[in-house]
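# Fold and contact review
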Amino acid sequence: THVTQFIIFGFPSLQNYHILLSCVLLCIYLFTLSGNGIIFFLVIFDRHLHTPMYFFVSNLSFIDMTYTSVTIPKMLAKFLMNLDTISFTACFTQMYIFLSLAATECYLLAIMAFDRYIAICSPLHYQTIMTRQLYIILAMVAWCGGFAAPLAVTILALKLPYCGRNKIYHYYCDNPPLLQLACANTSFNVAVGSFSGAVVILVSFAVIVISYIKIIIAILRISSKGGRKKTFSTCASHFTVVSIFFLPIMFMYIRPTASYSSDVDSLVSMLYSVLTPMMNPIIYSMRNKDIKLAFQKKIGFICTRSRLIAEKNVCD
């Protein structure tokens, strides 16, 4: 019998804690949307933030909002309304969009590390190197490359026969758990998936590591102890979040077999699909004085306008 729909099982060992899980996921989701949404719109509407760094940060915020919206709402629907089924087409669409956004984020984080390398190591030439045309092209390359990367993996997975089992022991449709349900040999799919993942993940991570090594070397040359400590603290926090994103993704998508523990896969996936999008606005933006100033200005403007409207209504 050809499978026409799948059942999202979620977290296999935590089925008795669905209320607690739904509350935690909902809070994380709302925080991720609000934090990244604020940053995204601040960068758009505040002309002081129209710089290459904040342009890339706004792209990252948009990816994180979309990234979590692809997976968490379906999981909340399962926990809160018992809607645990997903159609065959919707499942593979979810998988393709999720993998595309993950690949795009890999490329974008690499570009952001390269941007920071130029800003710190060649500050006098930064404006001439990172022109508007260049950073827009780099962002387009990240988006196009990200959505092209999982095409082969998705098409090969679609061609497999699914003729019996339809329960996905994961909290969204992903390539490894789907391959475990196929009624055929999936070794070629695993090989192609691992190769595609290696190209995207390892190349991006290599660019980030090389950039941060050069940044650290440049930091050690800073004569001011306070400036050296501040710059190193910022770069260390950035690299920590990048590592939390990349290391679990390496485990999930660069491996010799699709068969691993469902609990382990679900936990590892949480690190890069839920935790990192929540942490990105805190690490990259909310600690930044320019973002704080822009936010305070917007809040002040909104409060002043609301007060004037209230006073006008009272007078009328």
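On a predicted model such as this, the values are computed, not experimentally measured, just so you know. (Residues numbered from 1 in each chain as written. Predicted model: local features only at pLDDT ≥ 70, side-chain atom pairs only at ≥ 80, totals over all residues. Heavy atoms only, no water.)

## A word on a nonpolar patch on the surface
Our working definition: Only residues above 30% relative accessible area that lack a salt bridge enter a patch, with like-charged residues linked at up to 9 Å and the nonpolar side chains Val, Leu, Ile, Met, Phe, Trp and Tyr linked at up to 5 Å. Where accessible areas are quoted, they stem from the Shrake-Rupley method and a 1.4 Å probe; at the residue level, only the protein chains shown are allowed to cover. We define a salt bridge as a contact between a side-chain nitrogen of Lys or Arg and a carboxyl oxygen of Asp or Glu at a distance within 4 Å. Going along the chain from the N terminus, every DSSP run of H or I of four or more residues is numbered as a helix, and every run of E of two or more is numbered as a strand.
A contiguous nonpolar patch, built from Phe114, Phe195, Val199, Val203 and Val207 and spanning about 430 Å² of accessible area, is present on the exposed surface. Element by element, the count of residues in the nonpolar patch is highest for helix H8 (residues 187-220), at four residues. Along the chain, the position of Val199 falls in helix H8.

## A look at the packing of helix H2 (residues 52-81) against helix H5 (residues 132-148)
We apply this condition: Helix axes are fitted to C-alpha atoms over the stretch in contact, other axes to C-alpha atoms as well, and angles between N-to-C directions run from 0 to 180 degrees. Should an angle fall under 35 degrees it is called roughly parallel, over 145 degrees roughly antiparallel, and 65 to 115 degrees roughly perpendicular, with every other angle called oblique. Two helices cross in a left-handed way if the nearer one is turned anticlockwise from the farther one by less than a right angle. They cross in a right-handed way if the turn is clockwise. For this analysis, residues touch if any pair of their heavy atoms sits within 4.5 Å. Polar here means any residue outside two lists: the nonpolar Ala, Val, Leu, Ile, Met, Phe, Trp, Tyr, Cys and Pro, and the charged Asp, Glu, Lys and Arg; Gly therefore counts as polar.
Running from amino to carboxyl end, H2 crosses H5 at an angle of 20 degrees, the nearest separation of the two axes being 10 Å. Overall, the two elements H2 and H5 adopt an arrangement that is roughly parallel. Judged by the twist between their axes, the crossing of H2 over H5 is right-handed. Only Tyr135, Ile136, Leu138, Ala139 and Trp143 of H5 make contact with H2, whose side of the interface consists of Pro52, Phe55, Phe56, Asn59, Phe62 and Ile63. Class assignment for the residues of the contact of H2 with H5 results in 10 nonpolar, one polar and no charged.

## Things to note about the environment of Gly146
The topology assignment puts Gly146 in helix H5. A C-alpha to C-alpha distance of 5.0 Å links Gly146 and Ser100, two positions 46 residues apart in sequence. Among all residues touching Gly146, those that are not within four sequence positions of it are Ser100, Ala103, Thr104, Tyr107 and Val141.

## Points about the sheet that holds strand S1 (residues 5-8)
The condition that has to hold: Here, any two strands with at least 2 DSSP bridges between them count as paired.
Spatially, S2-S1-S3 is the arrangement adopted by the three strands of the open sheet, whose pairing is mixed. At either margin of the open sheet sits one strand with a lone partner, and together these are strand S2 (85-87) and strand S3 (167-168). As judged from the two bridges shared by S1 and S3, these two strands associate in the parallel manner. Across the sheet, the residue bridging to Ile7 is Lys167, located in S3.

## Digging into the state of the cysteines
The criterion, for reference: Only a pair of cysteine sulfur atoms within 2.5 Å counts as a disulfide in this structure description. Residue exposure (1.4 Å probe, protein chains only): buried if accessible area is under 20% of the type maximum, exposed if over 50%, otherwise partly exposed.
Summed over the entire model, instances satisfying the criterion amount to two disulfides. Each sulfur in the disulfide pair Cys91 and Cys173 lies 2.0 Å from the other. Here the disulfide of Cys91 and Cys173 is left-handed, its torsion about the S-S bond being about -115 degrees. Here Cys173 lies in the loop between S3 and helix H7 (175-179) and Cys91 lies in helix H3 (residues 88-121), a separation of 82 residues in the sequence. Both residues of the pair, Cys91 and Cys173, count as buried. A sulfur-sulfur distance of 2.1 Å marks the disulfide that ties Cys163 to Cys183. In this structure, the disulfide formed by Cys163 and Cys183 twists by about -140 degrees around the S-S bond and is classed as left-handed.

## Looking at the side chain of Lys74
Examined against the element boundaries, Lys74 turns out to sit in helix H2. For Lys74, the contacting residues outside a window of four places in its chain are Ile8, Leu83, Asp84, Thr85, Ile86 and Gln94.

## Structural notes on the packing of helix H1 (residues 18-45) against H2
Running from amino to carboxyl end, H1 crosses H2 at an angle of 155 degrees, the nearest separation of the two axes being 8 Å. On the basis of the axis angle, H1 is roughly antiparallel to H2. Considering the relative orientation of H1 and H2, their crossing is left-handed. Of the residues that constitute the contact of H1 with H2, the class distribution is 19 nonpolar, nine polar and one charged.

## Side note on the packing of aromatic side chains
Remark: the centre distance and the inter-plane angle together describe each pair of aromatic rings, the angle taken between the planes. Going by this rule: Ring geometry is summarised as follows: Phe, Tyr and Trp rings, the Trp one being its six-membered ring, pair when their centres sit within 6.5 Å, and such pairs are stacked at plane angles under 30 degrees, edge-to-face over 60 and tilted between the two. Ring-over charges, as used throughout, are those where CZ of Arg or NZ of Lys falls within 6 Å of the ring centre and within 35 degrees of the ring normal.
For the structure shown, the criterion picks out 24 aromatic pairs. Ring plane angle 40 degrees and centroid distance 5.3 Å describe the contact between Phe205 and Phe246, whose orientation is recorded as tilted. Of this pair, Phe205 sits in helix H8 while Phe246 sits in helix H9 (residues 225-253), and the two are 41 residues apart along the sequence. In this structure Phe205 comes out as buried when scored by relative accessible area, which is 17%. Taken together, Phe40, Phe41, Phe45, Phe62, Tyr96, Trp143 and Phe147 form an aromatic cluster joined through their ring pairs. One Lys or Arg, Lys78, reaches over the ring of Phe9 and ends 5.8 Å from the middle of that ring.

## Some details on helix H6 (residues 151-159)
Selection rule: This arc is taken over the directions from the axis of the helix to the C-beta atoms.
When we look at burial in H6, the residues that qualify are Val153, Thr154 and Ala157. Taken around the axis of H6, the buried residues stretch over an arc of 95 degrees, which confines them to a single face.

## Observations regarding the UniProt feature "transmembrane region" (unreviewed entry) in the protein chain
Filter applied, for reference: UniProt positions are given in the numbering used here, feature names are shortened, and annotations may be inferred rather than shown by experiment.
The positions UniProt marks with the feature "transmembrane region" (unreviewed entry) are residues 19-45, 52-72, 92-114, 134-158, 195-220, 232-254 and 266-284. In this annotation, residues 19-45 is assigned 100% helix and 0% strand; the end-to-end C-alpha distance for the span is 38 Å. In this annotation, residues 92-114 is assigned 100% helix and 0% strand; the end-to-end C-alpha distance for the span is 33 Å.

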